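What follows is the residue order along each chain.
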Amino acid sequence: MTHKESPVEEISATASKTTDQNGAGKSAQQKFYLPPEELAQNSNIMAYAREKGFASVDELYQWTIQNPQQFWGEMATRFLDWYQPWNHVLDESQAPFYKWFTRATTNIVHNAIERHANGANRDKTALIWESEQGEVRRFTYAEFAAEVNRFANVLKSQGVKRGDIVTVYLSRVPELLFAMHAIVKLGALHSVVYGGFSTDALHSRILDAKSRVVITGDGGWMNNKIVELKKITDAAVDEAGEVVEHVIVVRRTGHDVMIKEGRDVWYHELAAQPGMDEPCATEQMDAEDPMFLLYTSGSTGTPKGLVHSCGGYQVQVATTLSFTFDIKPDDVYWCTADPGWITGHSYIVYGPMILGATQVMYEGAPTYPNPGRWWEIAQKYGVTIIYTAPTAVRSLMRFGDDVPAQYDLSKLRLLGSVGEPINPEAWRWYHRVVGQNRCPIMDTWWQTETGAFMITPNPTTPLKPGSGTKPFLGIEADVLTEEGQPARQSDDGLLVIKRPWPSMLRTIHGDPQRYVDTYWSRLPGLYTAGDSARRDEDGYFWVIGRIDDVIKVSGYRLGTAEVESALVSHPAVAEAAAIGLPHELKGNAIHTFVILRQGYEATDALAEELRKHVGKEMGPIARPEAVNFVPNLPKTRSGKIMRRVLKARSLGLPEGDLSTLEG
Ligand code: PRX
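First, a word on what this report is: a plain description of the structure on this page. None of these values were measured; they are calculated from a predicted model.

Scoring rules and cut-offs
Residues numbered from 1 in each chain as written. Predicted model: local features only at pLDDT ≥ 70, side-chain atom pairs only at ≥ 80, totals over all residues. Heavy atoms only, no water. Helix = DSSP H or I, 4+ residues; strand = E, 2+ residues; numbered from the N terminus. Rg over C-alpha atoms; globule rule 2.2 N^0.38 Å. Contact = heavy atoms within 4.5 Å. Areas by Shrake-Rupley, 256 points an atom, 1.4 Å probe, with all protein chains shown as cover. Lys, Arg positive; Asp, Glu negative; His and termini not counted. Charge placed at Lys NZ, Arg CZ, Asp CG, Glu CD. Near = heavy atom within 4 Å. Polar contact = N/O pair within 3.5 Å; in protein donor to acceptor, adjacent residues only side chain to side chain. Core = buried A, V, L, I, M, F, W, Y, C linked by side-chain atoms within 4.5 Å. Buried < 20%, exposed > 50% of the residue type's maximum accessible area, 1.4 Å probe, protein only. Salt bridge = Lys/Arg side-chain N within 4 Å of Asp/Glu carboxyl O. Disulfide = S-S within 2.5 Å. Phe/Tyr/Trp six-rings, centres within 6.5 Å; stacked < 30°, edge-to-face > 60°. Lys NZ or Arg CZ within 6 Å of the ring centre and 35° of its normal. Pairing = 2+ DSSP bridges. Axes fitted to C-alpha atoms, helices over the stretch in contact; angles between N-to-C directions.

## Quick look at the overall build of the protein chain
Thought 1: When helices and strands are tallied, the protein chain shows 21 helices and 32 strands.
Thought 2: In terms of overall dimensions, the protein chain is globule-like: its C-alpha atoms have a radius of gyration of 24 Å, near the 26 Å expected for 663 residues.
Thought 3: Considering only C-alpha atoms, the protein chain reaches an extent of 75 × 70 × 60 Å along its principal axes.
Thought 4: In the protein chain, once contacts between residues fewer than 6 apart in sequence are set aside, the share between residues at least 24 apart is 71%.
Thought 5: If you sum the accessible surface of the protein chain, you get close to 24,900 Å²; carbon and sulfur atoms cover 49% of it.
Thought 6: Across the protein chain, the mean location of the 67 positive side-chain charges is 1 Å away from that of the 81 negative side-chain charges.

## Re the site of the ligand
Thought 1: Residues in close proximity to the ligand total 17 residues, the closest being D443, T444, T448, R546 and R557.
Thought 2: Between the ligand and T448 there is a distance of 2.5 Å, counted from an oxygen atom to a side-chain nitrogen or oxygen.
Thought 3: The protein chains hide 96% of the 540 Å² of surface that the ligand would expose on its own.
Thought 4: Contributing elements (two or more residues each) for the shell around the ligand: α13 (342-354) and β27 (541-546).

## Regarding the nonpolar core
Thought 1: Of all hydrophobic cores here, the largest spans 125 residues; its most connected members are W72, F101, F144 and I215.
Thought 2: Each residue touching F144, except ones within four places of it in the same chain, is listed here: I113, A126, L127, F139, L177, F178, H181 and M353.
Thought 3: Within the second largest apolar cluster, 39 residues are counted, among which are I206, L567, L596 and A622.

## A short note on the side chain of R252
Thought 1: Within the fold, R252 resides in the loop between β13 (246-250) and β14 (264-266).
Thought 2: For R252, a relative accessible area of 17% translates into the label buried.

## Some words on the environment of K464
Thought 1: Tracing the backbone shows K464 in the loop between β22 (441-443) and β23 (477-480).
Thought 2: On the accessibility criterion, K464 (1% relative accessible area) is buried.
Thought 3: Separated by 76 residues in sequence, K464 and Y540 place their C-alpha atoms 8.6 Å apart.
Thought 4: Polar side-chain contacts of K464 include one of 2.7 Å to the side chain of D538.

## Description of the pattern of salt bridges
Thought 1: Within the structure shown, the criterion is met by 47 salt bridges.
Thought 2: One salt bridge connects K230 with D264, and the closest N-O pair in it is separated by 2.7 Å. With K230 in helix α10 (residues 229-239) and D264 in strand β14, this pair connects stretches of sequence that are 34 residues apart.
Thought 3: Judged by its relative accessible area of 0%, K230 is buried.

## Re the state of the cysteines
Should the sulfur atoms of two cysteines be covalently bonded, the bond is a disulfide.
Thought 1: As enumerated under the stated definition, the model contains zero disulfides in all.
Thought 2: Summary of cysteine pairing: C335 is not part of a disulfide, and the nearest cysteine sulfur, belonging to C439, is at 17 Å.

## Thoughts on the packing of aromatic side chains
Thought 1: A complete count under the given rule lists 38 aromatic pairs for this structure.
Thought 2: Between Y98 and W520, the aromatic rings sit 5.6 Å apart at their centres with planes inclined by 55 degrees, giving tilted as the arrangement. Taken together, the residues span a long stretch of sequence, with Y98 in the loop between β3 (88-91) and β4 (99-102) and W520 in helix α18 (residues 512-520) at a distance of 422 residues. As far as the burial class goes, Y98 and W520 line up, both buried.
Thought 3: With 5.6 Å between their ring centres and 65 degrees between their planes, W520 and Y527 make a pair best called edge-to-face.
Thought 4: Taking relative accessible area as the criterion, Y527 reaches 0% and is therefore assigned buried.
Thought 5: A network of ring pairs unites the aromatic residues F97, Y98, W501, Y515, Y519, W520 and Y527 as a single cluster.
Thought 6: The lysine or arginine in question, K464, covers the ring of Y540, its NZ or CZ lying 4.7 Å from the ring centre.

## Description of the sheet that holds strand β26 (residues 527-535)
Thought 1: If you walk across this open sheet you meet the four strands as β23-β24-β26-β27, and the pairing is antiparallel. At either margin of the open sheet sits one strand with a lone partner, and together these are β23 and β27. The sheet shows a mean angle of 45 degrees between the axes of neighbouring strands, taken without regard to direction.

## Looking at the pairing of strand β6 (residues 125-130)
Put simply, side chains in a regular strand alternate between the two faces of the sheet.
Thought 1: Most of β6 sits out of view: five of its six residues are buried.
Thought 2: Judged from the five bridges that link them, β6 and strand β7 (residues 136-140) form a sheet pairing that is antiparallel. Note that in β7 the partner of W129 across the bridge is R137.
Thought 3: From the end of β6 to the start of β7, which pair antiparallel, there are five residues, and G134 there has a positive phi angle of about 100 degrees.

Below is the structure:
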């Protein structure tokens, strides 16, 4: 079959079953897309099912939820080495502060790098990095280990030690990976701030983490333009006052940047000093020691520093990657996410390396210098697995079928999607044109909080476009009403996780009560994800979207509160509200409502200035689609902005219960 033919009829002919399920509000007839039999039978997950004496992954799943601790314990030894074993897989005595693999000691850097560098994978390519300009850097596991070792010595020379939190603000370069591993090797925690964020976002994260050391770059390349990382860092560090003592600057662009005497140091100068290639010890960490912070937007106030652990995190990341993306020794895996987000942490920086995989990383924009760039990279390196986001699929789909058709994508065998619901049309295009009807799509639902996949197909799952299908092994999920009752089939409800999982966040940095309140209090004993979802008659999950004040723009997670605070930092703005409205390409776009201070006039020029202001403060992804000037905002009597009323009005929908609206 060529990629131009419609797959649906072909596939339904082999499908075991059809359904008229209404997927995610769409009325299109749904059909199962069956994975190629050979792929399913030879998959890692099927091999494990057979080892356990099960004929199918469904049977295996049932066993894992009846014996979750045995299952996760088996995974912990299957995929990882430990310095010291655990005495309990799970300790629930201080729920919801669950502990996993108690008393065990480990370091993910040993599992992801050092055991490979000292073993059979020594000369295997770990990373192929390509810049926007086409420069290529390759690292074997041994070379990668040497880079991490050197970086760790440099950090040590700047006083970084166990328990410190180091903020990292870099573009998508290999040094970002080296830095993260080096920090963890020393037993310190990284807090990576996405390189597309700007001053405000960086400053608030440095301050909350109280980072004495910040790692940044002179700049990064995106769409053939320099992102001024150092300038942004300077502004953020100045705002953070006395907190930051050292800024380590990685040279990437080579353009002129300010180097502040006594505070800023070039990485390459430190790295060239004597002794930096001496072996640096890898700290033995307790499984429950924190490994990193990752800030994410929540409903209110400042961004939350989610804390992930040294032990459980790596167990679930390795298991999910092996069983979902079926990584085999000769795969060439490519996750297009930025390492600065959880997808990059789990499925670029750590997961593939734990499994000893070869991966590709590309620095720049998918359409630079032309919309075929991604497919060219896939062809050039013989990529076998691509893991990307629906927004990217939608934007590349716009350029038509002919662009991917110019490249040889015959090595691809699996595709993936993450970050937001994928609309069935984009799913089908991805499946037909990129995957040439051959590659199942792993639509993985998870969150910064969950650390790893929670609801996802595997290579044996019959697929429905737009559904993440069913929970991963050992994970029990459900859709409940506000009262905690099972939602009726195909009714919207709250997506919940019914029991702890190894890679779950452990707390919110500096605010354990907020952790309890946000995730474990709405329905006691259950984790509420903040998403609404439905389940269909086959038990498949359909995630609809956020029910809190988080906006997903192109899959990026932004908080209304952060956008609003960026707006009110402009002298013209008295009050502001931000909401997300549907957008064809981005999934959602930010629309804002602004009350001006006296003396300012509502003009198009001012609206444009405010859009730019938010972009400058927070980063280009947060730039609002629209700024609407309004005389007042709908508020509750206690003064809380009712964003859902703004949203309903904007969409021409009923405004719902207004009983708490201010008179
Ligand atoms: O709303 C869900 C959406 O992204 C949220 C988590 O965002 P973040 O913490 O930034 O992590 C993104 C990468 C894991 C979820 O609450 N989401 C993520 N993946 C999917 C999704 N929605 C639907 N389908 C998905 N596959």
